Amino acid sequence: MTELVPVAPAALAVPVHSAADIALSDDARAAILAGIPESTRRAYASDWSAFTAWCADRGRVALPSTTETVTEYVTHLTLTPSARTGRPLSPSSIERALAAIRTAHNSANVQPPQTKACRKVLSGYRERLALSKDPAARPRKADPAVPDALRAMLATLDRSTLAGKRDAVLLLLGYACAARVSELVALDVADVRETPDGLLVNVYRRKIKTFTETAIPYGRVPATCPVRAVKDLLTAMAEEGRTSDPLLVRIDRHGRVAPPMMRKGQPIGDPSGRMTSDAAADVVTRIAEAAGLEGRWTGHSLRRGFATAARRSGAALERIGRHGGWADGSKALLGYLEEGDRWTDNPVTGL
């Protein structure tokens, strides 16, 4: 009988990787980029372009860049006013620039530079801003569109017009689904199904990369009922001959649906007329301004407003998170809930 002789680990052959083993095809690179949200890709592209231009001006190499080059760049960003705002970038914007540099290196299959020194620079920058009471030291947050704010915004709309009906759906459905604007504008008519109890909305939650079938019941007050608003819009859109494709479409000031848009003689925009995330966010900002609301109002105000109001009404954390497509244990959601609880569950009360 032949005995099996174990082979010592040192005797095992060490594989030698060829150039093909460590190379990425164009298709693979495109697939990786597809996993990054479009808005993030645009921001990274802008940040990388700014970094390469800075390197070129100073005779430094952007790719691969050294730890010293990136540290100098971060220091530059903390001291130099930007052309757009006239003041240095915020810490969060500089963090994004670092992420763009890392992503560019990884995409090129190049080892990114170490950023430990950069983090020290950023830490000192944050403290300097905080001690000087600079508003940039605080993260910029959208104000939550809680029910009172939402009612004020809806009151500014002419809901006899197609644009007014669309904007009412944007506000009410965005709030009721706790949707990001990118998730909201991605909805098609086919994603909204009517039931005896309300609507079932099939929302693709981009952060957790999954669909949720979100139940939206009828509201007690017709003017603020998302179900009635959606049905009203679908009826009006059907009269315009649109019974499929995007739920939220661009409408010009003449009431034309999905009018063609041109830039330098070339057609731009989604041919189906689908609104962009930026356009939807601009609608929220414009309506808040028309309602005379102070603060910072963006498309994210709807999602924050839902979380805040749901918590104040006593909804459980798990139900809020799963309805709105937050990942379990989401720090962002916990932050919203803490703000909603600051008065109703204040530890100082009763002391």
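For the structure itself, look to the data block above.
Position numbers for residues count from 1 along each chain, tracking the sequence in the order it is written. This being a predicted model, a pLDDT of at least 70 is required before a residue's local features are given, and a value of 80 or more before pairs of side-chain atoms are given or counted; all residues contribute to the totals for chains, interfaces and linings. Computation of side-chain values covers all heavy atoms of the structure but excludes hydrogens and water.

A. Examining the pairing of strand 2 (residues 198–205) more closely. Each residue's exposure class comes from its accessible area (1.4 Å probe, protein chains only) as a fraction of the maximum for that residue type: buried when under 20%, exposed when over 50%, partly exposed otherwise. Only DSSP runs of H or I covering at least 4 residues are called helices, and only runs of E covering at least 2 are called strands; the numbering of each starts at the N terminus. Across the eight residues of strand 2, six count as buried, placing the element largely inside the fold. At least two DSSP bridges between two strands are needed for those strands to be called paired. Bridging between strand 1 (residues 192–195) and strand 2 involves four bridges; their strand directions are antiparallel. Residue glutamate 194 lies in a different strand from strand 2, and its bridge partner there is leucine 199. Here strand 1 folds back onto strand 2, and the loop between the two strands holds two residues. Relative to strand 3 (residues 210–217), strand 2 runs antiparallel, the two sharing eight bridges. When the sheet's bridge partners are listed, valine 201 is paired in strand 3 with threonine 214. Hairpin connection between strand 2 and strand 3: a loop of four residues separates the two successive antiparallel strands, and lysine 209 in this loop has a positive phi of roughly 55°.

B. Seen up close, helix 7 (residues 162–176). Between its first and last C-alpha, helix 7 extends 21 Å over 15 residues, near the 21 Å set by a 1.5 Å rise per residue. Positive backbone phi, approximately 50°, marks alanine 178, located one or two places after helix 7. In a helix, the anticipated span is given by 1.5 Å times the number of residues less one.

C. The arrangement of the packing of aromatic side chains in detail. Centres within 6.5 Å make a pair out of two Phe, Tyr or Trp rings, where for Trp the six-membered ring is used; the pair is then stacked when the planes are under 30 degrees apart, edge-to-face when over 60, and tilted otherwise. The full count for this structure, using the stated rule, is six aromatic pairs. The interplanar angle of 45° and the centroid separation of 5.5 Å between the aromatic rings of tryptophan 48 and phenylalanine 51 together place this pair among those described as tilted. With tryptophan 48 and phenylalanine 51 both in helix 2 (residues 38–57) and three residues apart, the pair spans about one turn of that helix. Taking relative accessible area as the criterion, phenylalanine 51 reaches 0% and is therefore assigned buried. On the basis of an interplanar angle of 65° and a centroid distance of 4.9 Å, the ring pair of phenylalanine 51 and tyrosine 73 is categorised as edge-to-face. Here tyrosine 73 lies in helix 3 (residues 67–79) and phenylalanine 51 lies in helix 2, a separation of 22 residues in the sequence. Tyrosine 73 matches phenylalanine 51 in its accessibility class, with the two residues each being buried. Ring-pair connections join several aromatic residues into one group, and the members of that group are Trp48, Phe51, Trp54 and Tyr73. Charge-over-ring placement is defined geometrically: NZ (Lys) or CZ (Arg) within 6 Å of the ring centre, and within 35 degrees of the ring normal. Here arginine 303 stacks its cationic end above the ring of tryptophan 326, 3.8 Å away from the centre of that ring.

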